[in-house]
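Fold and geometry: a report
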Amino acid sequence: MIIAIASGKGGTGKTTIATNLALVAPAAQYLDCDVEEPNGHLFLKPAIDKQTDVTLPIPLINEELCSLCGLCATACEFNAIAVIGKKVMLFPELCHGCGTCMFVCPETAITETGKVIGQLEQGSAKSVTGDKFTFTHGISKIGNPLTPPIIKRAKKLIENERFVILDAPPGTSCPMVQTLIGSDYCIMVTEPTPFGLNDLELAIGVARQLKIPCGIVINRSDSGDQGIKKYCQRENIPILLEIPFDRDLAFAYSKGEAAVNQSPQLRESFQNLHLKIVAEVEK
Amino acid sequence: MKELTIISGKGGTGKTTVTAAFAILAENKVLADCDVDAADLHLILTPEEISSNDFVGGRAPQINYEKCTDCGECLRLCRFDAIDFSPESGHKINEFACDCCALCAWACPEKAISMIDTINGRWFISATRSGKMVHARLGIGEDNSGKLVALVRNQAKLLAQKDNLELLINDGPPGIGCPVTAAITGVDLVLIVTEPTLSGMHDMERVHGLCRHFDIPALVCVNRYDLNLINTQKIRDYCTEHNLKLVGEIPLDPIVNKAQVARQSVVEFDCGRVSQVVREMWEKVKQELSS
């Protein structure tokens, strides 16, 4: 069962929900897909036992074979290759690693080489009952603008028989879409403010296009206004959990301490959340 | 003209709250919302559209089924798993997985695939109570957010030149990827809004790394500084160590949410401590911009 935790707006509590759920759900697998700013490890404190580079295949041009015909530059949709004078210029940061240039080159002057764009770290963390569960996060290299290939690589490690939790990046563009694709269910974490509602509606729009059913968690539920609740009622989206603002919990969060280890009441709430999600998916 | 971008790394630290306040406090400026996939600045500044345009972000493949022989060459070559096949409906492009690289169009032996211009969103020039603003809306689940950010910034610059204005303020997106890169390359100054949580600090360091990568001067402000004073001290130490100016420490105060619910910037809504800190911070940022 694959569950994505998303939000649209950043800072609503995606990682809080994802990590606490991972700590209480039996046989969990936690995968941090927010590869630009992965934070789950700060709360789960995993033991990392494997680190692998994620590479992108970028063109390598053999100048002896190249006839400067410029077809590679014409074919590249990302303007990553240009022929200037007697030289083929490559802009690796624009390259998507699609292989089109290599395919079209009439002189077979293009081969490929791997460019490191990030890392995957795999290991395990301990649940509240002391059982080990699988932890993975992708880390995009600073300066690398292209993150979906890292997310895709991380998702190759999904073990379907587990309760898989995908911690999604904020927003609604490619990295978020790449995370959601193939999920059975999506939890949208939001806060009852105009910003929270605006971005929630956009994120729900993505999930609906991907035909992924959604449920809502309202964080800091006692602040702001009633907009989210009215929206959920109108759109018939279940509210699975409401978490009121608690300064002690916010303080614990700031130190990297998980809520389920702080409050027995919240531990129960997250156990119930897990059961509700399973019921929703099996519905 | 000077250009300032407000970023954070971590989402939800208060970028838009700070930007909206600066929008009210700054004079002779143009505003740009560079968070194109979850834009929020318009909720506070309630813009009235002056013009609205399609954003043609790129091209996408389209299969002509009269020519397609289901040979499967596209499926074999596609590196993005973006070609689905079923005996009933033949080969189909999965637009969510598609990277629009055109390899399938080049490879199709029947020339059955062509690349068609795609509209990935809309962008707007609007009037607000604090001057003109350029903003955009990326289509749901669409690609090319970095390109749209670049377009928004360019249009805002043109507007500033045309109206003879001396400042452009960009509300940036979260993260350190493609849209953030597009929002900060070539600007005069970046303001990083962080919070004293392990996540906030971790992400500030990564986004500061990105600023250094592009050699862009940065300032830091701590939001909700009193949530964890030990961590706030660590941020101060980080700033000292890296020669970063810390220009403001905003307290945790429900007034920020109340202002947002009232659709006002915090400096319009209230004149308490938060407003005072933000006003002082703006003076410091202004000074940095002119130095």
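Residues numbered from 1 in each chain as written. Chains lettered and ligands numbered in written order. Predicted model: local features only at pLDDT ≥ 70, side-chain atom pairs only at ≥ 80, totals over all residues.

Attention now goes to the overall build of chain B. Scanning chain B from N- to C-terminus turns up 11 helices and 11 strands. With the principal axes as the frame, chain B shows a C-alpha extent of 70 × 40 × 35 Å. Across the 291 residues in chain B, those meeting the buried criterion constitute 55%. Expressed as a percentage of contacts within chain B between residues at least 6 apart in sequence, the contacts between residues at least 24 apart total 74%. (Helix = DSSP H or I, 4+ residues; strand = E, 2+ residues; numbered from the N terminus. Buried ≥ 20, exposed ≤ 12 C-beta atoms within 10 Å, placed from the backbone. Contact = placed C-beta atoms within 7 Å.)

Attention now moves to the overall build of chain A. Across its full length, chain A carries 10 helices and 11 strands. The dimensions of chain A, computed from C-alpha atoms along their principal axes, are 70 × 45 × 35 Å. Of the contacts formed within chain A by residues at least 6 apart in sequence, a portion of 75% connects residues at least 24 apart.

The next subject is unusual backbone geometry. One non-glycine residue, A:N79, lies in positive phi territory at about 55 degrees. Take A:N79: it is sitting in the loop between α3 (71–75) and β4 (81–84). Even without a glycine there, the phi angle at B:R263 is positive, about 60 degrees. Examined against the element boundaries, B:R263 turns out to sit in the loop between α9 (255–261) and α10 (266–269).

Further remarks concern the sheet that holds strand β8 (residues 163–167) of chain A. Residues and elements named next belong to chain A. Reading across the sheet, the nine strands line up as β3-β6-β7-β2-β8-β1-β9-β10-β11 and stay open at both edges, with mixed pairing between neighbours. Single-partner strands in this sheet number two, and they are β3 (47–61) and β11 (239–243). Here the strands of the sheet are splayed against their neighbours by 20 degrees on average, with no regard to which way each runs. Relative to β11, strand β10 (residues 214–219) runs parallel, the two being bridged by four bridges. In the strand pairing of β11, N219 is matched with I243. In the packing of helix α1 (residues 14–24) onto the sheet, contacts are made with β1 (2–6), β2 (28–32), β7 (132–140), β8, β9 (185–190) and β10, and the angle to β8 comes to roughly 160 degrees. (Pairing = 2+ DSSP bridges. Axes fitted to C-alpha atoms, helices over the stretch in contact; angles between N-to-C directions.)

In terms of domains, chain A is made up of domain 1 (2–54 + 117–282) and domain 2 (63–108). Computed from C-alpha coordinates alone, the two centres of domain 1 of chain A and domain 2 of chain A are separated by 40 Å. (Domains from an automatic or database assignment.)

A few words on the domain arrangement of chain B. How big an interface is tends to be reported as the loss of accessible area on association of its parts. The domain boundaries assigned to chain B delineate domain 1 (2–56 + 120–290) and domain 2 (65–111). Domain 1 of chain B and domain 2 of chain B are separated by 41 Å when their C-alpha centres are compared.

Residues and elements named next belong to chain B. Overall, mixed pairing links the nine strands, which are arranged β3-β6-β7-β2-β8-β1-β9-β10-β11 in an open sheet. This sheet does not close on itself; its edge strands, each paired only once, are β3 (48–63) and β11 (245–250). On average, each strand axis in the sheet is inclined to that of its neighbour by 20 degrees, with strand direction left out of account. Sheet topology places strand β9 (residues 189–194) next to strand β10 (residues 218–223); five bridges connect them, and they run parallel. Each bridged residue has a counterpart across the sheet, and for I192 the counterpart in β10 is V220. On top of the sheet, helix α8 (residues 229–241) reaches β9, β10 and β11; it is set at about 175 degrees to β10, its chief contact. Running over the sheet, helix α11 (residues 273–290) touches β1 (2–7), β9, β10 and β11 and is turned about 165 degrees from β11.

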